[in-house]
Amino acid sequence: MDFLIFLIVALPLAGFLELLFFGKRIGEPGAGYVASATVGISFVLALIAGFDFLQGGEHGRTVELFAWIPSLGLNATFLWDPLSAMMTLVVTGVGALIHIYSIGYMHGDPGFGRFFTYMNLFITSMLLLVLGANFGILFVGWELVGLSSYLLISFWFEKPSAAAAGKKAFVVNRIGDFGFLIALMLIFNSFGSLDYGSVFEGAEATLTAGTATAIALLLLVGAAGKSAQLPLYVWLPDAMEGPTPVSALIHAATMVTAGVYMVARTGALFELSSVAGAVVTTVGALTAFYAATIAIGQRDIKRVLAYSTISQLGYMFMGVGALALVGGVFHLVTHAFFKALLFLGAGSVIHAMAGEQDMGKMGGLRKKVPVTFATMVIAWIAISGIPPFAGFWSKDEILASVFNRGGGYIVLWGVGIVTAGLTAFYMSRMMFLTFWGEPRWDDGVVPHESPRSMTVPLLALAGLSAVGGLINTPWRPALEHFLEPSFELVDQTHLPEAGVQVALAAVSIAAGVIGLFIAYRRYVRRATQLEEGGRWDTLLAGYHVDDLYGRTIVAPGKAAADVMAFTADAKLVDGAVNGTGWLVNWAGGILSKLQTGLVRSYGLGILGGVVGVLVWLLVAGGGF
Amino acid sequence: MIPLLAQASTDGLAVEPYWYMALAAVLFAIGAAGLLLRRNALVMFMSIELMLNAVNLTFVAVDSGLGSLEGQISVLFVMVVAAAEVTVGLAIIVAVFRKRATASVDELAGMRG
């Protein structure tokens, strides 16, 4: 059993190493098969290992591999409990489907082998992140996903925009990681340990309210970086420069959920600070609303989905912040299904349109890509919150729990409801502009359905998006039951009573339907084309936040770097170093005059020296 | 040494200890002069040997005067080191002579800084 859990991580790692050294030789499509197989087998192993938890009540186990940093009491240990099992299943399951899809999508790319190398590295890192039994392993996984994300975003590094996007993602993530690292130091300082077990169990007795708030808020900084929340969300839209399967895997289904996972995992710390919980919920609600408004104005099909992802992650933060941990994690799962599907579907559309991503040049694709269309419709309804598809159940559980906390949280619930309406609107806008209306294709584009290796994963994800929500319905909360042992230390927020639940659900369904209807009237009946100018340009540019950050943060940073590089370093440090060298050189030039090369002059010198010393001894030493 | 010299005896022809010292001083001065004035490396070498042996002489003389042995042991060391030094030095001189066809140290000033 322990070995099984070790294998879950070791297999993608082995795949990564094999492709790293032999990827070029294996080539296409072998590299894709190797990568998909390792992840697929990991998924099967995770299923087998996860059976233990189905009866419920099982706490899971820790698997110790080796002592890592003995002086800190830190070991390389994996934790296999319901939460990490569920995360592992999502990562490897959705990951395997996306790997298979990529075999078709990356067909003919010169970097085919390299792509799958990075993908396997990513899966390995993500598994480390979710399986670690202490903050040390979590941090290692955390940094490694950052690295693989950077490698994959700038996968087409010959393109300057892709290289810049990768850099941006990395730098913004570093800002979050900085907060995370300080939080880890605070935790170690308070508990003398980084193990989940001792930290969470001792949290209530050890931490003062102030320390708990500080730790929780610093963790939030880290989570906001990785999960693209305000104000560190700016890297995610640019990350769409990467290949579409990367956007699906990393920037929709898995990596960006690391922050949600981390907050859920550390729920015992967030529980101790009502301030931190409120901050997380507020950040989530604001991000959800804010990103949804930007998504309305996008032209690029992938950027719509990028902002949509940020918005949905906001919902998850609302959930975990309000201590509806199951709700947040539940939405993480369903979102992984339908958002991966939306991205892969968008990739299929882009593939069909020969690389075109501008919705202004699509339209009328319904008949041309029927499978893609049908599967994307399911994802569209799921994200719009229409029952019984997946998104409804999870989003509603979060909103109902937030509502049930009362007080200021009811305002945040209202924000969530408005966002639900906006979500339905922008998703419908994207669907209508892409699949309905008259074709606006460029000349010479002949849309065609994607190959089987791409459509099969779409169908699988469509199935999950359709029924995935049923794993946790209010009358049969199977997921809640399943996750119970992982969250038993946390006093979670519960759902309101049934009558209130139905009323809340009706409100959120109404919001979704209104959004759908407005979009239908605008884009289908009136056949409105892509809007331009005025406020739409502001939305398209994401409220010019990038410019704002550029002026207020990046430019001063660059100026400071210039001062350090061209004044402090070039003049002061280099000056000191060169000055020392020059001084020695100058002194040597003078002293070298003594080296006449004439042996007899040296002899005279020695003799003179001896005589001098003797005289000095005689005079100063007062005789012998 | 100074008491030794001060003892300068008055009884005529007996070999006094300070004679040895005087002889050693003369030998040393000749050696030093030869080292500084001659250009031939071989002759300079001989001058160095002269100086070394002048020192040896003082060692032995003073030792016999004091009735101790340390100085005499030192002499043996000096002789061994001098022999080794001559071996190496002569080899260098021969090698240089073969290459440059001269043993004049003034012409071998290639190490001038």
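Cut-offs used in this document
Residues numbered from 1 in each chain as written. Chains lettered and ligands numbered in written order. Predicted model: local features only at pLDDT ≥ 70, side-chain atom pairs only at ≥ 80, totals over all residues. Helix = DSSP H or I, 4+ residues; strand = E, 2+ residues; numbered from the N terminus. Buried ≥ 20, exposed ≤ 12 C-beta atoms within 10 Å, placed from the backbone. Contact = placed C-beta atoms within 7 Å. Expected span 1.5 Å × (residues − 1). Nonpolar A, V, L, I, M, F, W, Y, C, P; charged D, E, K, R; others polar. Core = buried A, V, L, I, M, F, W, Y, C linked by C-beta atoms within 7 Å.

Novice: Hey, could you go over the overall build of chain A for me, with residue numbers and the actual values?
Specialist: Broken down by element type, chain A carries 23 helices and two strands. Judged by the C-alpha coordinates and their principal axes, chain A covers about 115 × 65 × 50 Å. Across the 624 residues of chain A, 52% fall into the buried class. Contacts spanning at least 24 positions in sequence make up 82% of the contacts within chain A whose residues lie at least 6 apart.

Novice: Give me the lowdown on helix 9 (residues 244-253) of chain A, citing residues and values where you can.
Specialist: Burial within helix 9 of chain A is extensive, with 10 of its 10 residues counted as buried. For helix 9 of chain A, the secondary structure elements touched by its buried residues are helix 2 (82-105), helix 3 (112-131), helix 4 (135-153), helix 8 (235-238), helix 13 (301-321) and helix 14 (325-352) of chain A.

Novice: Residue-level account of unusual backbone geometry, with values.
Specialist: Residue and element names in this part refer to chain A. Residue Pro 231 follows Leu 230 across a cis peptide bond; omega there is -5°. Examined against the element boundaries, Pro 231 turns out to sit in the loop between helix 7 (209-226) and helix 8. In this structure, Pro 388 follows Pro 387 across a cis peptide bond, with omega equal to 5°. Of note in the backbone geometry, Ala 354 takes a positive phi value of approximately 60° without being a glycine. Inspection of the secondary structure puts Ala 354 in the loop between helix 14 and helix 15 (370-384). On the basis of neighbour count, Ala 354 is assigned to the partly exposed category, with 13 C-beta atoms found within 10 Å. One non-glycine residue, His 544, lies in positive phi territory at about 55°.

Novice: Outline helix 16 (residues 390-404) of chain A, listing residues and values.
Specialist: Residues and elements named next belong to chain A. For helix 16, spanning 15 residues, the distance from its first C-alpha to its last is 22 Å, which sits close to the expected 21 Å at 1.5 Å a residue. Along helix 16, 15 of the 15 residues are buried, which leaves the element largely enclosed by surrounding structure. Just downstream of helix 16, Gly 406 is the residue with a positive phi angle, here 70°.

Novice: Outline the interface of chain B and chain A, listing residues and values.
Specialist: Each partner contributes to the interface: chain B provides 12 residues, whereas chain A provides 14 residues. Top contributing element to the side of chain B that touches chain A by residue count: helix 2 (residues 17-37) of chain B, with three residues. Residues belonging to the side of chain B that touches chain A are distributed by class as follows: eight nonpolar, two polar and two charged.

Novice: Please set out the nonpolar core residue by residue, giving values where relevant.
Specialist: Membership of the largest hydrophobic core comes to 204 residues, with the highest contact counts inside it found for Leu 219, Ala 340, Leu 341, Ala 379 and Val 402 of chain A. Ranked by residues supplied to this core, first place goes to helix 14 of chain A with 17 residues. Apart from the residues within four sequence positions on either side, Leu 341 of chain A is in contact with Thr 375, Ala 379, Leu 458, Leu 461, Ala 462 and Ser 465 of chain A. Ranked by size, the runner-up nonpolar core spans five residues in total, among them Ala 32, Leu 35, Ala 41 and Met 44 of chain B.

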